Amino acid sequence: MQIFRVIMVAALLVTATPSNAVTDVPGAFVIKGSGLGHGVGMSQVGAFVQAQNGRTAAEIIAHYYPKAQLAQVDDDVEILVNVAANQSQLILAATPIRKTQAASLSVSAGAEPIFLSAGEQVTLSAVAGQLQLSYLGTAELITTASQLEFNWSGLKGFIGTEPKSEITISRADNSVSKYRFGPLIVTATGNRIQAVLKLRAKDQYLNAVAEVASTWPAAALQAQAIAARSMALTAVNAGVKTNCSCHVNSLVDQNMRGSERYKLPGYPNWRRAVKQTAGQVVAINSQPVAAWFFARSNGRTENSEDVWGSPRPWAISVEDPYSIDSLAGPQVRWQVSVSAEQLAKLFKLPDVVKVSVAARNPGGSVKTFRAEASTGQTANLPGRSLRAAIPTRS
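Residues numbered from 1 in each chain as written. Predicted model: local features only at pLDDT ≥ 70, side-chain atom pairs only at ≥ 80, totals over all residues. Heavy atoms only, no water.

Undergrad: Explanation requested: the packing of aromatic side chains in the structure shown.
TA: Here the distance between the centres and the angle between the planes together describe a pair of aromatic rings. Overall, the coordinates contain four aromatic pairs when judged by the stated rule. Seen in terms of ring centroids, Tyr262 and Tyr267 are 5.4 Å apart; in terms of plane orientation they differ by 65°. Their pairing is edge-to-face. By relative accessible area, which is 6% here, Tyr267 ends up buried. (Phe/Tyr/Trp six-rings, centres within 6.5 Å; stacked < 30°, edge-to-face > 60°. Buried < 20%, exposed > 50% of the residue type's maximum accessible area, 1.4 Å probe, protein only.)

Right, dumping it as structure tokens:
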């Protein structure tokens, strides 16, 4: 087994291959790397270290997005968050927040809502773009709607304005989540179900985002809140995505947790950071932009075009000594094995006996890999292509 070492920041950075020519075809190669994430935008660990050193959120944002500005916008807007994508079945129920309170659901297909009894749960499936709904496991209640809206005690149609209950969503993969704010819009797409929460971006959504530990320094949390708000509002401005009936996915776009978010250590600190930065975004020409962030670099961030192929003026490579500062703790190191056969297919060679770096990007990541076959034939492969084909932690 041959080893070519890689230092990664969401991209392959430094590669060392065996110094002597290889004639035997190895069975596999091992990629060794360090860093965590795609490497574009703000390093969360770097922000942590800067905050520890006394820098403000504005200074952290300015460092990682040097060609953008910190702008004030209206974030009191509606955001659609997909919390159950492409499901074959969902089971919904209302659960009381306090044991002394009753909890029930209402369901509407655009007309007057139907109020279910306390404790009743509903089962949803989809057939040919129509939702099939039953409750108590018995009679079908609504069979002709392609979309239904669910509310629960404390939300629209119920007495009071504060949630008195949470909606519990049980998915087909047996995962279960609870959410306090809504309503929940359920849509049939073919034989699949999309479940989307309609939330207020400024607090109902952002307060539930959990991208870093809430016990981190205040400036790091504030910088994360600004970046998270920028991502959310950019998605809202882009419009509803037809594949998910949403602006964002609760896991793919940003990690938005359910009601358990409010019980995580330090949660009041995060909520305070969201409030202290209300309306603040990373912006170009006063418009929010996708302020990407990732866990940790290996000393320098990446240009967006070197990772995803498209340049963005605010997402450029900058020095990031903070991610490798002693305050950041030991660097994340990992390795992954890849067969020589898979590499040969990627490089379109009969076999592979050696891999080296032909060119690097300004951020230090590998722009082009070069492989050599036992016949002496060589071929190049973009670093992005290798990263896309071989799952790594960066």
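Undergrad: Quick question: what am I supposed to make of the nonpolar core here?
TA: In a soluble, globular protein the nonpolar side chains are often hidden away together inside. Leu92, Phe150, Leu184 and Tyr205 are the most contacted members of the largest nonpolar core, which totals 54 residues. Ranked by the residues each element gives to this core, the list is headed by helix α4 (residues 218–238), at seven residues. Core analysis: the second largest hydrophobic core is formed by 30 residues, Met42, Ala51, Ala220 and Ala223 among them. (Core = buried A, V, L, I, M, F, W, Y, C linked by side-chain atoms within 4.5 Å. Helix = DSSP H or I, 4+ residues; strand = E, 2+ residues; numbered from the N terminus.)

Undergrad: Would you take a moment to explain the layout of surface pockets for this structure?
TA: Empty space among the atoms becomes apparent when a probe as large as a water molecule is rolled across them. Approximately 230 Å³ is the volume found for the second largest pocket. Around the second largest pocket sit 19 residues that line it, and Val83, Arg171, Tyr179, Ser250 and Leu251 are the ones nearest its centre. Broken down by element, the lining of the second largest pocket gets its largest block of residues, five residues, from strand β6 (residues 78–87). Along the lines of polarity and charge, the residues of the lining of the second largest pocket split into seven nonpolar, eight polar and four charged. (1 Å grid on protein atoms, 1.4 Å probe; cavity = no way out; pocket = protein on both sides within 12 Å on 5 of 7 lines; lining within 4 Å. Points joined across faces, edges and corners; volume = space filled by probe spheres on them. Nonpolar A, V, L, I, M, F, W, Y, C, P; charged D, E, K, R; others polar.)

Undergrad: Mind showing me how you'd approach empty space enclosed by the protein here?
TA: One pass over the full model with this rule turns up two cavities of 30 Å³ or more. Put simply, the largest cavity is a space of about 70 Å³. What lines the largest cavity is simply Tyr179, Arg180, Phe181, Leu197, Leu199, Gln204, Ala208, Met256, Arg257, Gly258, Ser259 and Tyr262. Grouping the constituent residues of the lining of the largest cavity by class yields seven nonpolar, three polar and two charged.

Undergrad: Mind showing me how you'd approach the packing of helix α1 (residues 44–52) against helix α2 (residues 57–64) here?
TA: Helix-helix packing: each pair is described by the crossing angle between the helix axes and the interaxial distance. It is the contact of α1 with α2, at a shortest axis distance of 10 Å, that shows an interaxial angle of 140°. With respect to α2, the axis of α1 lies oblique. Of the two possible hands of crossing, α1 and α2 adopt the one that is right-handed. Here α1 contributes Gly46, Ala47, Gln50 and Ala51 to the contact with α2, which in turn contributes Glu59, Ile60, His63 and Tyr64. Tallied by class, the residues present in the contact of α1 with α2 amount to four nonpolar, three polar and one charged. (Axes fitted to C-alpha atoms, helices over the stretch in contact; angles between N-to-C directions. Parallel < 35°, antiparallel > 145°, perpendicular 65-115°, else oblique. Left-handed = near helix turned anticlockwise from the far one by under 90°. Contact = heavy atoms within 4.5 Å.)

Undergrad: Which parts of the structure should I look at to understand the environment of Ala219?
TA: Structurally, the position occupied by Ala219 is in helix α4. Its relative accessible area of 14% is what places Ala219 among the buried residues. Apart from residues lying up to four places away in sequence, Ala219 is in contact with Ala51, Arg55, Thr56, Ala57 and Ile60.

Undergrad: Which parts of the structure should I look at to understand the pattern of salt bridges?
TA: Proximity of charged atoms lets side chains of opposite charge pair with each other. Summed over the entire model, instances satisfying the criterion amount to seven salt bridges. Here Lys241 makes a salt bridge to Asp253, at a shortest N to O gap of 3.6 Å. Note that Lys241 is positioned in the loop between α4 and β18 (248–249) and Asp253 in the loop between β18 and α5 (267–276), a separation of 12 residues in sequence. Residue Lys241 is classed as partly exposed on the basis of its relative accessible area of 32%. With its nearest N and O atoms 4.0 Å apart, the salt bridge here joins Glu341 to Lys345. Of the two residues, Glu341 and Lys345 are both situated in helix α7 (residues 340–347); the distance of four residues between them amounts to about one turn of the helix. A single burial state applies to Glu341 and to Lys345, both of which are exposed. (Salt bridge = Lys/Arg side-chain N within 4 Å of Asp/Glu carboxyl O.)

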